[in-house]
Amino acid sequence: MVGGLAVTAGRCLDALVCLAGRRCQLCAAVLDDPRDYPLCPECASELAPRRGGHCPLCGTCFADAGSPVYRCLDCRMSPPPWSGLAFHGPYDGHLKELVHRHKFGHELGLGRLLSFLTRQAWELRGLGRPDVIVPVPMLPGHVLRRGFNQSAELARMLGRVMALRPLTHALVKTRETRTQSSLGRAARRGNVAGAFAASPEVRGRHVLIVDDVMTTGATMTACARACLEAGAAKVDVFVLARAL
């Protein structure tokens, strides 16, 4: 009940922010030009999407952001089970702060800003329009405790960009897993292997899987494999942030 009230309050706050719409949603500076909403020019520059210096398949960010986009050695040697990736930028700085505030601080009033960043990332990467959008799922008990699934919220934001309603139950988590952040790379893969199942709704369709952050890619790999095993014709992935 408390989680549900937090979601409702957050969405009401988001609506009020949208109506006001005259302050930067990151630094709260008054906007000289309301067409800049939701970010002032300075914050828009600091939160600009990553354009170069990364692997287009896994999102690994290289030291030089101005270097070309090219596949990393890992993806050349052992490609992930998805065909394309869209992401906004590295999980660092302001983007990391926003993800934390939304996910753990229940600041759902950030929805307008996150929607803006989501649209930016999607339109920049140029992936083909999917048939279905599917968020990375959580167990029902975890959703009740947190009050919402942040991946489902991002999937809805992305769905508005493409006029597609996400299939929030097409991918389900089938068992409890340990918190990924407490594990190393190899342990993460084993932790989530076989922990997801996809419904027949994905059969023969181009699926876009959505999550907020990708670290090692273990969770996204498990979800993509579940969709392919259920007969998906193609899988792409979208994450707001890619861990360094």
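All values reported here derive from a predicted model rather than from experimental measurement.

> How do you make sense of the pattern of salt bridges when you look at a structure like this?
Where charged atoms of side chains with opposite charge meet at close range, the side chains can pair. In the structure shown here, the tally under the stated rule is six salt bridges. One salt bridge connects Glu97 with Arg101, and the closest N-O pair in it is separated by 3.5 Å. In this pair, Glu97 and Arg101 are both assigned in helix H4 (residues 93-103), four residues apart and thus about one turn of the helix distant. Judged by its relative accessible area of 36%, Glu97 falls in the partly exposed class. The partly exposed category is assigned to Arg101, whose relative accessible area is 23%. Salt-bridge contacts for Lys103 lead to Asp212; the nearest nitrogen and oxygen are separated by 3.3 Å. Taken together, the residues span a long stretch of sequence, with Lys103 in helix H4 and Asp212 in strand E5 (residues 206-214) at a distance of 109 residues. Each of Glu97, Arg101 and Glu107 takes part in salt bridges that share partners, so that together they form one network.

> Whenever I open this one, the side chain of Ser67 confuses me. Can you help?
Position of Ser67 among the secondary structure elements: in the loop between helix H2 (41-46) and helix H3 (73-77). Relative accessible area serves as the criterion here: at 16%, Ser67 is assigned to the buried category. Here Asp64 takes part through its backbone oxygen, which lies 2.8 Å from a polar atom of the side chain of Ser67. If we skip the residues at most four places from it in the chain, Ser67 touches Gly52, Gly53 and Phe62.

> Honestly, the nonpolar core in this entry has me stumped. Any pointers?
In globular proteins that are soluble, nonpolar side chains generally tend to be buried together. By size, the foremost hydrophobic cluster in this structure holds 34 residues, and its most contacted members are Trp82, Phe196, Val207, Ile209, Met220 and Val235. Looking at this core, the elements that each hand over two or more residues are strand E1 (84-90), strand E2 (132-135), E5, helix H9 (218-229) and strand E6 (234-242). Broken down by element, the residue count for this core peaks at seven residues, all from H9. In this view, Val235 contacts Pro81, Trp82, Ser83, Gly84, Val207, Ile209, Ala224, Cys227 and Leu228; residues no more than four positions away in its chain are not counted. Core analysis: the next-biggest nonpolar cluster, separate from the first, contains 33 residues, Leu31, Cys43, Ile133 and Val210 among them.

> Which parts of the structure should I look at to understand the pairing of E6?
It is a general feature of regular strands that their side chains alternate between the two faces of the sheet. The buried fraction of E6 amounts to eight of the nine residues, a majority that puts the element mostly inside the structure. Pairing geometry for E1 and E6, over six bridges, is parallel. The residue of E6 that forms the bridge with Gly89 is Ala241. As paired elements, E5 and E6 share eight bridges and run parallel to each other. Opposite Leu208, over in E6, you have Asp236 as the bridge partner. A crossover links E5 with its parallel partner E6, the connecting element being H9, and its sense is right-handed.

> Quick question: what am I supposed to make of the pairing of E5 here?
Burial analysis of E5 places nine of its nine residues in the buried class, which makes it a mostly covered element. With four bridges joining them, E2 and E5 adopt parallel strand pairing. By the bridge assignment, Pro135 is partnered in E5 with Val210.

> What am I meant to see in empty space enclosed by the protein here?
Summary: where empty space remains is shown by rolling a probe the size of a single water molecule over the atoms. Counting across every chain of the model gives one cavity of 30 Å³ or more. Looking at the largest cavity, its volume works out to about 40 Å³. Lining the largest cavity are Val99, His102, Lys103, Leu114, Gln150, Leu154, Asp212 and Leu240. Taken together, the elements giving at least two residues each to the lining of the largest cavity come down to H4 and helix H7 (150-162).

> Could you clarify how one ought to interpret the state of the cysteines in this entry?
Working definition of a disulfide: a covalent bond connecting the sulfur atoms of two cysteines. A complete count under the given rule lists zero disulfides for this structure. The thiol sulfur of Cys24 is not disulfide-bonded, and the nearest other cysteine sulfur, from Cys27, lies at 3.7 Å. Take Cys24: its relative accessible area is 3%, and that puts it in the buried class. Unpaired in this structure, Cys55 has its nearest cysteine sulfur neighbour in Cys58, at a distance of 3.8 Å.

> When you look at H9 in this model, what are you seeing that I'm missing?
Because an α-helix completes one turn every 3.6 residues, residues spaced three or four positions apart along the sequence face the same direction. With 12 residues, H9 extends 16 Å between its outermost C-alpha atoms, agreeing within 8% with the 16 Å of an ideal straight helix rising 1.5 Å per residue. Counting buried positions over the 12 residues of H9 gives nine, a clear majority of the element. Of the residues making up H9, those classed as buried are Ala218, Thr219, Met220, Thr221, Ala222, Cys223, Ala224, Ala226 and Cys227. Count one or two residues on from H9 and you reach Gly231, which has phi positive near 100°.

What counts and what doesn't
- Residues numbered from 1 in each chain as written.
- Predicted model: local features only at pLDDT ≥ 70, side-chain atom pairs only at ≥ 80, totals over all residues.
- Heavy atoms only, no water.
- Salt bridge = Lys/Arg side-chain N within 4 Å of Asp/Glu carboxyl O.
- Helix = DSSP H or I, 4+ residues; strand = E, 2+ residues; numbered from the N terminus.
- Buried < 20%, exposed > 50% of the residue type's maximum accessible area, 1.4 Å probe, protein only.
- Polar contact = N/O pair within 3.5 Å; in protein donor to acceptor, adjacent residues only side chain to side chain.
- Contact = heavy atoms within 4.5 Å.
- Core = buried A, V, L, I, M, F, W, Y, C linked by side-chain atoms within 4.5 Å.
- Pairing = 2+ DSSP bridges.
- Right-handed = clockwise from strand over helix to strand, strands pointing away.
- 1 Å grid on protein atoms, 1.4 Å probe; cavity = no way out; pocket = protein on both sides within 12 Å on 5 of 7 lines; lining within 4 Å.
- Points joined across faces, edges and corners; volume = space filled by probe spheres on them.
- Disulfide = S-S within 2.5 Å.
- Expected span 1.5 Å × (residues − 1).

Everything listed here is a matter of geometry and, on its own, says nothing about what the molecule does.
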